[in-house]
Amino acid sequence: MLAGLTPPAPLPRRIAHLDMDAFYASVELLRYPQLKGLPVVIGGGRRRADSVLAQQENLPVAEFPRLGDYVGRGVITTATYPARAFGVGSAMGMMKAAKLCPQAILLPVDFDEYRRFSRIFKSTILEIAPLMEDRGVDEVYIDFTEVPGGQREGGRVLARLIQRTIFERTGLTCSIGVAPNKLIAKMASEFDKPKGISIVHAADLQSRIWPLPARKINGIGPKADAKLQALGITTIGEMAAKERAWLVEHFGRAYGAWMHEASWGRDDRPVVTESEPVSMSRETTFDRDLHAVRDRAELSAIFTQLCEKVAEDLQRKGYVGKTIGIKLRFDDFKIATRDQTIAVHTADARQIRQAAGQCLKRVTLDRRLRLLGVRVGTLARPGELADSAEMVDTTGQLF
DNA sequence: TCTGGGGTCCTAGGACCC
DNA sequence: TCTGGGGTCCTAGGACCC
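Residues numbered from 1 in each chain as written. Chains lettered and ligands numbered in written order. Predicted model: local features only at pLDDT ≥ 70, side-chain atom pairs only at ≥ 80, totals over all residues.

**Q** Now, about the protein's contact with DNA strand C: what can you tell me, with residues and values included?
**A** As a structural note, the neighbourhood of DNA strand C is formed by 20 residues, with Gly-136, Gly-221, Lys-223, Ala-224 and Thr-341 the closest of them. Within the residue set of the surface near DNA strand C, elements represented by two or more residues are α8 (222–230) and β11 (335–346). Tallying contributions element by element places β11 first for the surface near DNA strand C, with seven residues. For the surface near DNA strand C, the class distribution of residues is five nonpolar, eight polar and seven charged. (Near = placed C-beta within 6 Å. Helix = DSSP H or I, 4+ residues; strand = E, 2+ residues; numbered from the N terminus. Nonpolar A, V, L, I, M, F, W, Y, C, P; charged D, E, K, R; others polar.)

**Q** How would you sum up the sheet that holds strand β10 (residues 320–330)? Please name residues and give values.
**A** Read across the open sheet, the four strands follow the order β9-β12-β10-β11; overall the sheet is antiparallel. Strand pairing shows two members of the sheet lacking a second neighbour, β9 (279–290) and β11, which therefore form its edges. Each strand axis lies, on average, 15 degrees off the axis of its neighbour in the sheet, ignoring direction. Both β10 and β11 contribute to a ladder of eight bridges, which runs antiparallel. Pairing of Lys-327 across the sheet is with Thr-337, part of β11. Along the sheet face, helix α12 (residues 296–317) touches β9, β10 and β12 (369–380) and points at about 160 degrees away from the line of β9. (Pairing = 2+ DSSP bridges. Axes fitted to C-alpha atoms, helices over the stretch in contact; angles between N-to-C directions. Contact = placed C-beta atoms within 7 Å.)

**Q** Give me the protein's contact with DNA strand B: which residues, what numbers.
**A** Taken together, 20 residues lie near DNA strand B, and Gly-93, Ala-254, Val-278, Thr-285 and Phe-333 sit nearest. Among the elements of the structure, α3 (94–100) and β9 are those that each provide at least two residues to the surface near DNA strand B. A total of seven residues in the surface near DNA strand B trace back to one element, the largest contributor, which is β9.

**Q** Just give me the short version of the nonpolar core, but keep the residues and values in it.
**A** Judged by nonpolar contacts, the single largest core of 67 residues is most densely connected at Ala-16, Val-41, Ala-104 and Ile-142. Setting aside anything within four residues of it in sequence, one finds Ala-16 in contact with Tyr-141, Ile-142, Phe-144, Gly-155, Ala-159, Ile-176, Gly-177, Val-178 and Ala-185. Among the nonpolar cores identified, the runner-up in size contains 22 residues, and Met-280, Ile-326, Ala-355 and Cys-359 belong to it. (Core = buried A, V, L, I, M, F, W, Y, C linked by C-beta atoms within 7 Å. Buried ≥ 20, exposed ≤ 12 C-beta atoms within 10 Å, placed from the backbone.)

**Q** Provide a residue-level description of the UniProt feature "binding site: Mg(2+)" (unreviewed entry) in chain A, including the pertinent values.
**A** Sequence positions flagged by UniProt for "binding site: Mg(2+)" (unreviewed entry) are, in local numbering, Asp-19 and Asp-138. Separation in sequence by 120 residues is not matched in space for these annotated residues, since their most distant C-alpha atoms are only 6.0 Å apart. Structurally, Asp-19 can be placed in strand β1 (residues 15–20). On the secondary structure map, Asp-138 appears in the loop between β5 (132–134) and β6 (139–143). Here Asp-138 falls in the buried class, since 22 other C-beta atoms lie within 10 Å of it. Asp-138 has contacts with Asp-19, Met-20, Phe-23 and Ser-118, leaving out every residue within four places of it along the chain. (UniProt positions renumbered as here; feature names shortened; annotations may be inferred.)

Given below as structure tokens:
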């Protein structure tokens, strides 16, 4: 080490997780302020264009569709806080939700609108802090570490600025957790929802993280949680009290070791600002279960449409893929997948349809089908394949 | 009257090559 | 003829997340 050139001590990592509050529902309330304070849920299968809502922003409250009138398949994607008070929550089946709160107002999803607001809040963040990781339409991680002011009050000052600026630009609120890493920040953003800011330091592990249910760890889902419960473990602290070897014994080498690290609040994953897609897919659940033979024509038409949509998605975003796959969900909810890697990358609907059709022939179709999906994986950008021996066909024409 | 749609990553076995 | 690695690709299923 050269004398006088001691490198500055690295700043402590401060990572934020930002989560928009009841995002879809909040965007809808911007359009329909007359619904503020009422139980409102977003979900269902109907398209906005088909409903009484199309272009009628001044609709009186009494004329909005009600959850109790809904018939069909689907789940709640978002519920306002007043609706949550009735026990209605996201991912809940519509019919079950309708029993809990039939008077709730039901709005169909409008993804284009949510994406529009998503772009606005994300670009707002990027103007303030350049290292942002996209985690879906309503969530991001932000690296505060090197941002001017990012260390003040553990990140609270910057979090307040971001929260306020997003609100000024969109009228939408969010909750932010700031912690030494993504794992803890993700948990912290939930501490004080809605409109919350929570600052967590490494020293708070025992008091604020260990009492939480194990299921609160991002990566511990229903299966792992049930298994933990069966082993007598409920909280993160109880997990942390177990030997690493014990967790490995019960959950496997990789997952067990990760669980041990997570329970001790350790996570060194960086905030990743860019990533390439791995696959693109389209799937649909039918209004009623379809029979492979009796409903052949209907199934075939849907199948072709799915292939056309994936092809459109690929072309619009500038990708080609060469692993073509299908997904089926039967009436008993069992899932089957088949895929096939073809010789040449493609984004052509007819080629996708052809390969997917071959996949379909490899499945025994003795049950009614509930869902059909088409997936294209092993993606590449056509330009990056140009100098390889492979001939890329994005048009369906032979050359 | 159950349970959407769009993703990622991991595992594990078999084929195939060196 | 038998035995044995390692490495990569392909496929199917499953857990998990938003």
